[in-house]
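What follows is the residue order along each chain.
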Amino acid sequence: PLGRPPLMPAAAAVTSGGSGSQGGGGGKQSSDSGIATPVDKGSMGGADKPTTVLTPSGGGGVASQRLMTSPVRPPGLPPLCLTSNPCYLQLRTTETVLHLHIKNDFAAYTGVSLHRVSAHTGADASATALIWEALFTSPIAGCISGGNLVLLACRDATLHMYRADGSRALAPLTLPSPVHKMKDEGALVACVTTSARMFVFKTDANPPTAVVKNVEITPLNRHTSPRTSVSISRLSFAPDKMPIVQLSDGSTQVYSKDLDCWVQLVPSRQALSLSSSLNKGPPSSLPLAALSPAPTGMTKLESSVSEAWTSSVIEAKLAACILLKSPQEYKYWLLRLIKQLTTQGQEIRLRNILQELSKDRCKPGSLAASAQALGLDRGEIMKMALPILGANLNLQRLYSELRNVEELKSNGSVDLFA
């Protein structure tokens, strides 16, 4: 019945799914860290999980009541921490090389401990001159250089920016939660917090600015079960200086400031393992190949399904090559797509792709237009694609049409019947 449920007494017990007992032993408890154990939402069909509440009945017994509770949120990422205490780091800024000595619990007083970082002219702190030092009330968790700044992360979720001479570039920044991971590339520094929020700071501005501001790393929040949970394996930057996140499941995401969301560059290892045709690819030194993991085992699919899946993955790789501005890989995967479509005998799709390659002015947004935007020669790609097309005897009519067009273009003739 509708209406307000009765209040549960303090002594009432709550068990998940009715599997526990009062005073008990069978219920699923929280971990020692105070973070609730995640619930696999997929096993519940996407709905909230029913919970049985045991309350005293009027006759002295126990009555059960079914309530709906929200799914448990996934646990946070582990906080960043130093590998040792004391810790020595050699950081290179645009101005000089700093020898940093970090000592947590440097001095203890009633109710407070002080933690110290000092910059010296050499690795031996006792034998070299002191350049500058700073004290903090929270333990130092990590340190990184970005441009001409040194960034220090503390366990109380503060971030401190210092210039090479020891002066502060900004007042301490208070992040939503402690830092989980930091990565620098030139004057850019990416910070990921334990609550899966990302910041990217541009340190060569005066004062420093944020180009990515408190953005949620949504790919991490899709996994709510310990069995399927993922973590961040690596941080890097795209050619447009946007952050790239590689996850432990093999997938790679890049943040798009224009779209204001994350864009998948590489699917997971499990997805790549669905096709044996994707084992070989461009050299690993190229941008997209460097982000792509090796498939772990192969899943046997039906022939028609496998071919369709391979085409889908190649199409996604072409779009990723555009984001990463990688012309060599775009050319490779475009020819692979033509070969895959030729094997499948998809004449209409092939005609659309190859006719755009052969035109003097291609349609905006087509694969040929993207190839041209990346600086590729459409005529060269067309010459390489024709022999691939000719390998399928069922596509000889299309092959003859396109070959005649290319011969007329090479001879400077005009096809009056085109």
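Residues numbered from 1 in each chain as written. Predicted model: local features only at pLDDT ≥ 70, side-chain atom pairs only at ≥ 80, totals over all residues. Heavy atoms only, no water.

Engineer: Which parts of the structure should I look at to understand the overall build of the protein?
Structural biologist: A count of helical and extended segments in the protein gives eight helices and 19 strands. The buried share of the protein, reckoned over its 418 residues, is 41%. Counted over contacts in the protein with a minimum sequence separation of 6, partners at least 24 positions apart contribute 44%. Here the protein displays about 22500 Å² of accessible surface, and carbon together with sulfur accounts for 53% of that area. (Helix = DSSP H or I, 4+ residues; strand = E, 2+ residues; numbered from the N terminus. Buried < 20%, exposed > 50% of the residue type's maximum accessible area, 1.4 Å probe, protein only. Contact = heavy atoms within 4.5 Å. Areas by Shrake-Rupley, 256 points an atom, 1.4 Å probe, with all protein chains shown as cover.)

Engineer: Please explain the environment of Trp-132 as it appears in this structure.
Structural biologist: Mapped onto the elements, Trp-132 comes out in strand β7 (residues 130-136). Sequence spacing of Trp-132 and His-120 is 12 residues, and the spatial spacing of their C-alpha atoms is 7.3 Å. With near-sequence residues (within four places) excluded, Trp-132 lies in contact with Leu-98, Leu-100, Val-117, Ser-118, Ala-119, Tyr-162, Arg-163, Ala-164, Asp-165 and Gly-166. Here Ala-164 takes part through its backbone oxygen, which lies 3.2 Å from a polar atom of the side chain of Trp-132. (Polar contact = N/O pair within 3.5 Å; in protein donor to acceptor, adjacent residues only side chain to side chain.)

Engineer: Any chance you could explain the packing of helix α4 (residues 327-344) against helix α7 (residues 378-390) here in plain terms?
Structural biologist: Running from N to C, α4 and α7 cross one another at 25°; their axes reach a closest spacing of 10 Å. One element, α4, and the other, α7, form an angle in the roughly parallel class. Crossing of α4 against α7: the hand is right-handed. Taking contact as the criterion, the partners of Lys-331, Leu-334, Leu-335, Ile-338, Lys-339 and Thr-342 in α4 are, on α7, Glu-380, Ile-381, Met-384, Ala-385, Ile-388 and Leu-389. Residues that form the contact of α4 with α7 fall into these classes: eight nonpolar, one polar and three charged. (Axes fitted to C-alpha atoms, helices over the stretch in contact; angles between N-to-C directions. Parallel < 35°, antiparallel > 145°, perpendicular 65-115°, else oblique. Left-handed = near helix turned anticlockwise from the far one by under 90°. Nonpolar A, V, L, I, M, F, W, Y, C, P; charged D, E, K, R; others polar.)

Engineer: Just checking my understanding: could you explain the nonpolar core for this structure?
Structural biologist: Side chains of a nonpolar character, in soluble globular proteins, are inclined to be buried together. With 63 residues, the main nonpolar core has Met-198, Ile-232, Tyr-330 and Ile-338 as its most contacted residues. In contact with Ile-338, not counting residues within four places along its chain, are Leu-350, Ile-353, Leu-354, Leu-357, Ala-385 and Ile-388. (Core = buried A, V, L, I, M, F, W, Y, C linked by side-chain atoms within 4.5 Å.)

Engineer: Just checking my understanding: could you explain the sheet that holds β7 for this structure?
Structural biologist: Across a sheet, paired strands are connected by hydrogen bonds in the backbone, their directions being either parallel or antiparallel. Ordered by their spatial adjacency, four strands build an open sheet running β4-β5-β6-β7, and the pairing between neighbours is antiparallel. Strand pairing shows two members of the sheet lacking a second neighbour, β4 (87-92) and β7, which therefore form its edges. Direction aside, neighbouring strands of the sheet carry axes that sit 25° apart on average. As judged from the six bridges shared by β4 and strand β5 (residues 97-109), these two strands associate in the antiparallel manner. Its bridge partner being in β5, Cys-87 is matched across the sheet by Ile-102. (Pairing = 2+ DSSP bridges.)

Engineer: Teacher, can you tell me more about helix α8 (residues 396-411) here?
Structural biologist: Residue pairs three or four apart in sequence face the same way in an α-helix, which turns once every 3.6 residues. Here α8 contains 16 residues, and its C-alpha end-to-end distance of 22 Å stays within 8% of the 22 Å for a straight helix at 1.5 Å per residue. Along α8, the positions that sit buried rather than exposed are Leu-398, Tyr-399, Leu-402 and Glu-406. Angular distribution of buried residues about the axis of α8 spans 100°; they occupy a single face of the element. Seen from the buried face of α8, the exposed residues on the opposite side, beyond 90 degrees, are Arg-397 and Asn-411. (Expected span 1.5 Å × (residues − 1). Arc of directions from axis to C-beta.)

Engineer: Please clarify how the side chain of Ser-251 should be interpreted in this entry.
Structural biologist: Within the fold, Ser-251 resides in the loop between β17 (243-247) and β18 (252-256). For Ser-251, a relative accessible area of 2% translates into the label buried. Among the polar contacts made by the side chain of Ser-251, one reaches the side chain of Asp-249 at a distance of 2.7 Å. Discounting residues that sit within four places of it in the chain, Ser-251 has contacts with Val-245, Gln-246, Val-266, Pro-267 and Ser-268.

Engineer: Whenever I open this one, the sheet that holds strand β9 (residues 149-154) confuses me. Can you help?
Structural biologist: The strand order across the open sheet built from four strands is β8-β9-β10-β11, with neighbouring strands paired in antiparallel fashion. One side of each edge strand has no neighbouring strand; the edge strands of this open sheet are β8 (140-146) and β11 (173-174). As paired elements, strand β10 (residues 158-163) and β11 share two bridges and run antiparallel to each other. Within β11, the position partnered with Thr-158 by the bridge is Thr-174.

Engineer: When you look at the environment of Asp-105 in this model, what are you seeing that I'm missing?
Structural biologist: By the element assignment, Asp-105 lies in strand β5. In this structure the C-alpha to C-alpha distance between Asp-105 and Asn-85, which are 20 residues apart in sequence, comes to 9.0 Å. If we ignore the near neighbours within four places in the chain, the residues touching Asp-105 are Ser-113, Leu-114 and His-115.

Engineer: Whenever I open this one, the packing of helix α3 (residues 303-324) against α4 confuses me. Can you help?
Structural biologist: For any two helices packed against each other, one specifies the crossing angle of their axes together with the interaxial distance. At a minimum axis distance of 9 Å, the contact between α3 and α4 shows a crossing angle of 160°. If you check the angle between α3 and α4, you find them roughly antiparallel. Crossing hand, α3 versus α4: left-handed. Taken together, the residues of α4 that come into contact with α3 (itself represented by Glu-307, Ala-308, Thr-310, Ser-311, Ile-314, Glu-315, Lys-317, Leu-318, Cys-321 and Ile-322) are Glu-329, Tyr-330, Trp-333, Leu-334, Arg-336, Leu-337, Gln-340, Leu-341, Thr-343 and Gln-344. Its residues assigned to classes, the contact of α3 with α4 comprises 10 nonpolar, five polar and five charged.

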